[in-house]
Amino acid sequence: MKNTAATFLQMKQRGEKISMLTCYDYSTAKLMERTGVNAILVGDSLGNTMLGYPDTLSVTMDDMIHHGSAVARACSNTMVVIDMPFLSYQASVYDAVINAGRLIKEGRGNAVKLEGGAAVVQQIRAIVDAGIPVQAHIGMTPQSVNAFGGFKVQGKGEAAAKQLLQDAYAVQDAGAFSVVLECVPPKLTALISEKLAIPTIGIGAGAGCDGQILVYQDMLGMFNDYVPKFVKQFANVGEIMSQAFKDYKGAVQNGSFPSAEHTFAKSDCSCAYLTQLAAEL
Ligand code: KIV
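All figures in this text were calculated on a predicted structure; none of them were measured in a lab.

**Q** Hey, could you run me through the domain arrangement of the protein chain in this one?
**A** As a measure of interface size, the accessible area lost when the parts come together is often cited. Splitting the protein chain by domain gives domain 1 (5-235) and domain 2 (240-280). If you average the C-alpha positions of domain 1 and of domain 2, the two centres end up 46 Å apart.

Below you can see the structure in the form of C-alpha cells.
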C-alpha cells in the first residue's frame, strides 16, 4: 500500500517510528522500495552528492524534476517527497505554487518539501490549497547557509529555542503534514515532537523525533567530502565499490576480463564471413 501524508499521521498516532532516506536515481530507489522504507526524499542535497557543488544553492528545478521522476518511476509503495530548490518558492506565493506543481506533474512526486518556518507559511498554505502535501524543514536549513554563516546546530539558547518552537507551530498551522528538524538540540527536538500533532523527522536532532532521515551516500559510506557527526555508517559500500573498481581495472589490464564466460559463443557470428570481410578490406 502506498505510504501517504495520512500514513505519516497514523504512524505518529500509533507511536511507530517513520523511516526516510534520500535518493536521487532509479536503481537505488528500487532497492529502497523493496525494504519498505516509508518515504524517500529526493533532496536538493543532490547538489552535493550527485553534482559536486559545495552547497545546495545552485540546484535547479530541472535538476529536481530529472532526479525526482527517476526515483518516482521506481516507487509503487514508497512515498516520494521532492525538495523545492533555492529560489523556487521564496520570492512569491505564485512561484511556490507553480514550482510545487511542476514537481508533482513533471517530477511525479507525491509531496514537496521546502525550508523555513514562519517566513514561508503563505507559500505552504497556498501549495496545500492546491492539493499538494507539504513537508516543512526547520532548524539548520542548508539553503540559508550564507545567512547562518556555516552549517551549525540551531535552536541553542532560550530565544532561538522559542523561535524554533514558534516556527514548528507555524508550519503545522499552515497545513504541513510533517516537519524535518535538522541539527536541533535533542531536548528541544523532544519538546517540539511532543507538542506537535504532525510528525517530526530528524536529522542530527536526536532520538526524540517521530522519524529519522539520512542522506543515503552518508549512511553507506559513499561520500566522504564531509561526514557530519550525526551520521551513522550502516555499511561501507564506498570501500566495496572502490575495491570492485580496482579489481575491474586489474582484470582488464591483465586480460582476465572478459573471459569465455562473458563472451558470446563463436557460433554467434559467421567466421567464414569475417574471414572474407578481412580479405576485402
Ligand atoms: O536535501 C536533503 O537531503 C535534505 C535532508 C538532509 C533532510 O533536506
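Okay, back to it.
**Q** It is not clear to me how helix α8 (residues 158-174) should be interpreted in this structure. Could you clarify?
**A** One turn of an α-helix holds 3.6 residues; hence residues three or four places apart share an orientation. For α8, which comprises 17 residues, the first-to-last C-alpha distance of 24 Å matches the rise-based estimate of 24 Å (1.5 Å per residue) to within 8%. Among all positions of α8, only Ala 161, Leu 164, Leu 165, Asp 167, Ala 168, Ala 170, Val 171, Gln 172 and Ala 174 are buried. Of the surrounding secondary structure, the elements contacted by the buried residues of α8 are α6 (121-129), β5 (134-139), β6 (178-182) and α9 (186-195). Gly 175 sits one or two residues past α8 and shows a positive phi near 115°.

**Q** Please clarify how the site of the ligand should be interpreted in this entry.
**A** Taken together, Thr 22, Leu 41, Gly 43, Asp 44, Ser 45, Asp 83, Lys 113, His 137, Val 180, Glu 182 and Ile 203 make up all the residues around the ligand. Contact between the ligand and Ser 45: an oxygen atom at 2.5 Å from a side-chain N or O atom of the residue. A distance of 2.9 Å is found between an oxygen atom of the ligand and a side-chain nitrogen or oxygen belonging to Lys 113. For the ligand, the protein covers 97% of the area, taking 260 Å² as the surface of the free molecule. Structurally, the ligand is housed in the largest pocket.

**Q** For this particular structure, what's the right way to read the nonpolar core?
**A** Generally speaking, nonpolar side chains in soluble globular proteins are found buried as a group. Within the largest apolar cluster, 54 residues are counted, with the highest numbers of intra-cluster contacts made by Ile 124 and Ile 127. Broken down by element, the residue count for this core peaks at 7 residues, all from α8. When residues no more than four places from it in sequence are discounted, the contact partners of Ile 124 are Leu 114, Val 134, Ala 136, Val 171, Ala 174, Gly 175 and Ala 176. The next biggest cluster of nonpolar side chains, apart from the first, holds 15 residues, and it includes Ala 5, Leu 41, Val 180 and Ile 203.

Definitions and limits used
- Residues numbered from 1 in each chain as written.
- Predicted model: local features only at pLDDT ≥ 70, side-chain atom pairs only at ≥ 80, totals over all residues.
- Heavy atoms only, no water.
- Domains from an automatic or database assignment.
- Helix = DSSP H or I, 4+ residues; strand = E, 2+ residues; numbered from the N terminus.
- Expected span 1.5 Å × (residues − 1).
- Buried < 20%, exposed > 50% of the residue type's maximum accessible area, 1.4 Å probe, protein only.
- Contact = heavy atoms within 4.5 Å.
- Near = heavy atom within 4 Å.
- Polar contact = N/O pair within 3.5 Å; in protein donor to acceptor, adjacent residues only side chain to side chain.
- Areas by Shrake-Rupley, 256 points an atom, 1.4 Å probe, with all protein chains shown as cover.
- 1 Å grid on protein atoms, 1.4 Å probe; cavity = no way out; pocket = protein on both sides within 12 Å on 5 of 7 lines; lining within 4 Å.
- Sits in = over half its atoms within 2 Å of the grid points.
- Core = buried A, V, L, I, M, F, W, Y, C linked by side-chain atoms within 4.5 Å.

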